[in-house]
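This is what each chain is made of:
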Amino acid sequence: MADIKELAAGGLRAVLSSLEYARETSGLKRSVRALSLLNQDQGFDCPSCAWPDPAPRERSVVEFCENGARAVAHEADRRTIGAGFFAERSLAELSALSDYELEQSGRLAEPVFREAGGEHYRPIGYEQAFELAGAALARLDSPDRAVFYTSGRASNEAAFLYQLLARSLGTNNLPDCSNLCHESSGKGLGSTIGIGKGTVTLADFRLADCIFVIGQNPGTNHPRMLSTLAEARARGATIVSINPLRELGLVSFAHPQTARGLLGVGEPISTEYVQVRINGDVALLKGVMKQLLRLETEHGNVLDRAFIAEHTSGFEAFRDALEGVSLKACAEQSGVPVETIARLAEIYRQSQRVIVCWAMGLTQHKNGVANVREIVNLLLLRGNLGRAGAGACPVRGHSNVQGDRTVGIYESPSEAFLARLDRATGLRSPRRHGVDAVGSVLAMERGEVDVFLALGGNFVAAMSDSRRTAQALRQVKLAVHVATKLNRTHLEAGQASLILPCLGRTERDLRGDRIQFVTVEDSMGVVHKSEGPLEPAAPSLLGEPGIVAGIAEAALGAEPVPWSELVKDYDAIRDLIERSIAGFERYNERVREPGGFELPNGPRERRFLTASGKAEFTVQALPELALEPGQLLLTTIRSHDQFNTTIYGFDDRYRGISGERRVVFVNPKDLAERGFEPNQRLDVTSHYQGTRRTVSAFRAVPYDIPRGCAACYFPEANPLVPLENHADESRTPASKSIVVTLSAASGEAAE
Ligand SMILES: Nc1nc2c(c(=O)[nH]1)N[C@H]1C(S)=C(S)[C@@H](COP(=O)(O)OP(=O)(O)OC[C@H]3O[C@@H](n4cnc5c(=O)[nH]c(N)nc54)[C@H](O)[C@@H]3O)O[C@H]1N2
Ligand SMILES: Nc1nc2c(c(=O)[nH]1)N[C@H]1C(S)=C(S)[C@@H](COP(=O)(O)OP(=O)(O)OC[C@H]3O[C@@H](n4cnc5c(=O)[nH]c(N)nc54)[C@H](O)[C@@H]3O)O[C@H]1N2
Ligand SMILES: [Mo]
């Protein structure tokens, strides 16, 4: 087995590791200055995850985690790259660098342009760049020949202007990283409880007596959530983790902000750890609910009958369908024994206030939306929605991905949203829905896209079917990237390509003589301000709102949207958001209050804005798990040393991996059965409707993972994920259910 020291997650090593990273990139002084203001009321929002901050008076002096600190150091990088860097390196030479090396080159410091067929990026001023991008947009045959991608780090202000640019031009082609991420949660929740967001706040975590954490690895991806879980556990709450991998952070956690924690003394987290098979969650949840219905028949008092009668619809059909599923089938398919299923049902029955948290382990499957709807079914059975200490908690990824959607980054906007936007802005927004992430790659393949714009992110590396996505992006005539650091997409996309560097969240954004702040929405619907304290990486860098406005005005002129006026002072953008979008009343005033303000959330008050006006029980099919002999189901996961496609380092401390990322985690018995040795180099081949895709020479790591399952890191394994293999309804790539076979490596080929 991999050498996992049963140390707790966190502790002194976490602190040292972030300081070490800071020393190499931003320099300690610059980092410490930034960190002292990270997640503080007068400071800036952590650019890492979307876990909320405690109320202002409850914040500690160090309200951040190891990975937040690394994200800050990575952004606050003192090394910069400009004209000289690009003059010395051709496109081919840049392409030969690894993703790690590209980002480690430093901060992008001046706009650069590569013409079609050109071998070098050359400097170009912002103004000239805006003219170039604006002209390309203005002369399109149809506005739908442009695609506007957004990554979830963009502020509300930048994202609002960006969607306004797309819609002013006449398209809803607004794919975003949410399409690859929590779209299944949005679809699953929207259709059942009437809002595509979670229903709990941090305060609910203090009251819950049971918290489920399903398909989520907070020790790495939302480390501050561990303090919340540790607190809950310490006061006697039951914590149930459901995950194929035994994730150290969910086992025990050493709080790096306490003396005991620094010494590595861990607090236990999970009371119950259930190692479900990959994509066995629908079966497991069905099993638990079946058992609950049985207990209700035998003893009564299990279901919240009053809640079901008053606030839900579809219960009978749900119950009848569940009767047709056998507990045995649930156990077989989930790989969880009947006794464990019964124990989970008992825990759930005995708990008065239950929160269910989840993340990518549930959303990135063909049945990702079904996973989320089964969670809603479970919560509804005992009225665990819309009351204190209970509810649904999809834990968001990017720090402002939820806010971006709220302010209009969405390819399928509702009529109500567009009508209000039009009234406020004097536009006539297009009604035809646009392309999502999968849809945009397909459109590019068909030659239907001339301009690809990206407000942050790394689409080529983050998207499924990497080789095919890259091929599609190369066909686009012009790519326009707004970015802080160089990445693969900047090298692959577009015959011609513009890179427009921007300020990061950590930096001071001066417009005229006023320092501007931006606003973001956390995972729990709280909108608050964020103001960067640091000197910009280069003096000429513009903030994202200014860049978006510059392109927009060049493309469309100043009517009816006065772009350059709006970005003189971001209060003007917020005033326009207030008029355009529900829930932002007195935006500028309320966001200046300590801690910001909460957006309206119907289910919190048991108001369900669904077609029936009630919360919906739904019937989900048991997913088909058709593995042929020899095949495994592969999931793709994040290591501890990365933020999505940004690689900070090559260790994955809590899983016992050091110095490499091209590994495949497999159950030792599955390895032995196939005649492979631990550490042997293997090729991993995916199988989808007769097509095969291979990544080469991954090291086999025997691991505590259920039989028939395997795991690799994202993005190295993305070439394996077929573009067409995505979730029903949400179209999120099924990057956590990839059917694969293993074979002895044929060579040392690299991807
Ligand atoms: N440091 C750091 N922080 C991050 C990120 C980062 O890359 N680095 N990324 C940010 C983003 S955008 C997001 S969306 C979040 C992602 O946060 P997570 O969702 O926690 O990230 P993943 O590593 O994708 O892993 C999900 C977990 O699901 C488990 N899993 C895999 N398949 C299944 C399954 O079929 N069923 C169940 N029950 N579990 C399964 C995996 O073992 C893993 O523990 O984190 C955000 N925060
Ligand atoms: N196989 C597999 N694929 C996945 C996933 C998975 O679990 N498995 N997870 C998916 C998920 S959950 C997500 S969210 C996506 C992530 O997809 P993206 O959001 O597209 O990717 P990131 O890696 O977060 O983007 C990193 C880049 O953002 C830029 N950047 C950083 N900060 C800023 C900023 O402040 N402003 C601007 N303009 N640019 C900035 C930098 O240039 C950096 O290189 O990947 C998805 N892909
Ligand atoms: Mo994400």
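Residues numbered from 1 in each chain as written. Chains lettered and ligands numbered in written order. Predicted model: local features only at pLDDT ≥ 70, side-chain atom pairs only at ≥ 80, totals over all residues. Heavy atoms only, no water.

A. Structural view of the overall build of the chain. A tally of helices and strands in the chain yields 32 helices and 31 strands. Against the globule reference of 27 Å for 751 residues, the chain gives a C-alpha radius of gyration of 25 Å, in line with a compact fold. Expressed along its principal axes, the backbone C-alpha trace of the chain runs to roughly 75 × 60 × 55 Å. Accessible area for the chain stands at about 26100 Å²; split by element, carbon and sulfur atoms hold 51% of it. Each charge class in the chain was averaged separately, 84 positive and 93 negative side chains, and the resulting centres sit 2 Å apart. (Helix = DSSP H or I, 4+ residues; strand = E, 2+ residues; numbered from the N terminus. Rg over C-alpha atoms; globule rule 2.2 N^0.38 Å. Areas by Shrake-Rupley, 256 points an atom, 1.4 Å probe, with all protein chains shown as cover. Lys, Arg positive; Asp, Glu negative; His and termini not counted. Charge placed at Lys NZ, Arg CZ, Asp CG, Glu CD.)

B. Spatial organisation of the site of ligand 1. Lining the immediate environment of ligand 1, one finds 32 residues, of which E247, N279, D281, Q642 and N644 sit closest. At 3.2 Å from a nitrogen atom of ligand 1 is found a main-chain nitrogen or oxygen belonging to I242. N644 places a main-chain nitrogen or oxygen 2.7 Å from an oxygen atom of ligand 1. Alone, ligand 1 offers 920 Å² of accessible surface; in the complex the protein occludes 99% of this. Elements with a minimum of two residues in the shell around ligand 1: helix 11 (218-221), helix 20 (360-363), strand 24 (632-637) and strand 25 (642-643). Here the shell around ligand 1 spans two domains, and each of domain 2 (184-218 + 232-245 + 263-394) and domain 3 (632-744) adds at least three residues to it. (Near = heavy atom within 4 Å. Polar contact = N/O pair within 3.5 Å; in protein donor to acceptor, adjacent residues only side chain to side chain. Domains from an automatic or database assignment.)

C. Up close: the packing of aromatic side chains. Scanning all chains against the criterion turns up 17 aromatic pairs. Measuring from ring centre to ring centre gives 6.3 Å for F315 and F318, while their planes differ by 40°; the resulting arrangement is tilted. Of this pair, F315 and F318 both sit in helix 17 (residues 315-323), three residues apart, which is roughly one turn of that helix. The exposure classification of F315 matches that of F318, with both residues buried. (Phe/Tyr/Trp six-rings, centres within 6.5 Å; stacked < 30°, edge-to-face > 60°. Buried < 20%, exposed > 50% of the residue type's maximum accessible area, 1.4 Å probe, protein only.)

D. The arrangement of the domain arrangement of the chain in detail. You can read the domains of the chain as domain 1 (106-181 + 405-594), domain 2 (184-218 + 232-245 + 263-394) and domain 3 (632-744). For domain 1 and domain 2, the distance between their C-alpha centroids amounts to 37 Å. A combined buried area of about 630 Å² lies between domain 1 and domain 2, and 45% of that area is made up of carbon and sulfur atoms. The three residues of domain 1 that bury the most area against domain 2 are C181, S523 and M524, which together make up 69% of that side's buried surface. Across the domain 1-domain 2 interface, the total number found is one salt bridge. (Buried area = accessible area lost by both parts, 1.4 Å probe. Salt bridge = Lys/Arg side-chain N within 4 Å of Asp/Glu carboxyl O.)

E. Summary view of the environment of L132. Within the fold, L132 resides in helix 7 (residues 126-138). With relative accessibility at 27%, the residue L132 sits in the partly exposed group. Other than its neighbours up to four places away in sequence, L132 contacts F113, I124, L478 and L498. (Contact = heavy atoms within 4.5 Å.)

F. Broad picture of the packing of helix 8 (residues 156-169) against helix 30 (residues 570-580). Interhelical geometry of helix 8 versus helix 30 gives an angle of 65° and a closest axis separation of 10 Å. Crossing angle aside, the handedness with which helix 8 passes helix 30 is left-handed. Counted together, N156, E157, F160, L161 and L164 of helix 8 and Y570, I573, R574, L576, I577 and S580 of helix 30 form the full contact between these two elements. For the contact of helix 8 with helix 30, the per-class residue count stands at seven nonpolar, two polar and two charged. (Axes fitted to C-alpha atoms, helices over the stretch in contact; angles between N-to-C directions. Left-handed = near helix turned anticlockwise from the far one by under 90°. Nonpolar A, V, L, I, M, F, W, Y, C, P; charged D, E, K, R; others polar.)

G. Spotlight on the sheet that holds strand 8 (residues 238-242). Taking strand neighbours across the sheet as the criterion, the five strands line up as 11-8-7-13-14 in an open arrangement whose pairing is parallel. This sheet does not close on itself; its edge strands, each paired only once, are strand 11 (272-274) and strand 14 (391-394). Taking the axes of each pair of neighbouring strands and ignoring which way they run, one obtains an average angle of 15° across the sheet. Across five bridges, strand 7 (residues 210-214) lies against strand 13 (residues 354-358) in parallel orientation. For C210, the partnering residue across the bridge sits in strand 13 and is V354. Running at roughly 145° to strand 7, helix 12 (residues 223-234) makes contact with strand 7, strand 8 and strand 13 of the sheet. (Pairing = 2+ DSSP bridges.)

H. Local environment of the side chain of T150. Structurally, T150 can be placed in strand 6 (residues 146-150). A relative accessible area of 0% means that T150 is categorised as buried. Leave out the neighbours within four places in its chain, and T150 touches Y162, P175, D176, C177, D404, I409 and L455.

I. Local environment of the site of ligand 2. Near ligand 2 lie 31 residues; those nearest to it are E103, Y149, A462, E544 and T645. Note that an oxygen atom of ligand 2 is positioned 2.9 Å from one of the backbone N or O atoms of N458. Relative to its unbound accessible surface of 930 Å², ligand 2 loses 96% to contact with the protein. Class assignment of the residues belonging to the shell around ligand 2 gives a composition of eleven nonpolar, 14 polar and six charged. Counting contributing residues, the shell around ligand 2 receives three or more from each of domain 1 (106-181 + 405-594) and domain 3 (632-744).

J. How the structure looks around unusual backbone geometry. Residue P560 is reached from E559 by a cis peptide bond, and omega for that bond is -10°. By the secondary structure assignment, P560 is in the loop between helix 28 (544-556) and helix 29 (563-566). Along the chain, F714 connects to P715 via a cis peptide bond; the corresponding omega equals 5°. Topologically, P715 is positioned in the loop between strand 30 (709-713) and strand 31 (738-744).

K. Expanded view of the state of the cysteines. As enumerated under the stated definition, the model contains zero disulfides in all. For C393, which is in no disulfide, the shortest distance to another cysteine sulfur is to C357 and amounts to 4.1 Å. For C393, a relative accessible area of 2% puts it in the buried group. (Disulfide = S-S within 2.5 Å.)

L. Fine view of the pairing of strand 17 (residues 496-501). Most of strand 17 sits inside the fold, with six of its six residues counted as buried. Residues of strand 17 alternate between two faces, with A496, L498 and L500 on one and S497, I499 and P501 on the opposite face, all of them buried. Of the strand pairs in this sheet, strand 4 (residues 112-114) and strand 17 are connected by three bridges, and their pairing is antiparallel. Directly across from F113, in strand 17, lies its bridge partner L498. Examined bridge by bridge, strand 16 (residues 478-483) and strand 17 share six bridges and lie parallel to one another. Residue pairing for strand 17: L478 is matched across the bridge by A496.

M. Highlighting the nonpolar core. L137, F148, F160, I551 and F584 are the most contacted members of the largest nonpolar core, which has 66 residues in total. The element that contributes the greatest number of residues to this core is helix 8, accounting for nine residues. Ignoring sequence-local partners within four residues, the contact set of F148 consists of L137, Y162, L165, A166, L169, T171, N173, L174, P175 and L453. Ranked by size, the runner-up nonpolar core spans 48 residues in total, among them I193, F212, A331 and L381. (Core = buried A, V, L, I, M, F, W, Y, C linked by side-chain atoms within 4.5 Å.)

N. Broad picture of the environment of L35. Relative to the helices and strands, L35 is located in helix 2 (residues 28-35). Through-space distance from the C-alpha of L35 to that of R432 is 44 Å; in sequence the pair is 397 residues apart. Aside from chain neighbours lying at most four places away, what touches L35 is F64, A69 and V72.

O. Fine view of helix 23 (residues 415-425). When helix 23 is considered as a whole, its buried residues turn out to be F417, L418, L421, D422, A424 and T425. Angular distribution of buried residues about the axis of helix 23 spans 165°; they occupy a single face of the element. Structural note: helix 23 exposes A416 and R423 on the side pointing more than 90 degrees away from its buried face. Those residues of helix 23 that are buried are in contact with helix 8, helix 22 (401-406) and helix 30. Downstream of helix 23 by one or two residues, G426 has phi in the positive range, about 80°. (Arc of directions from axis to C-beta.)

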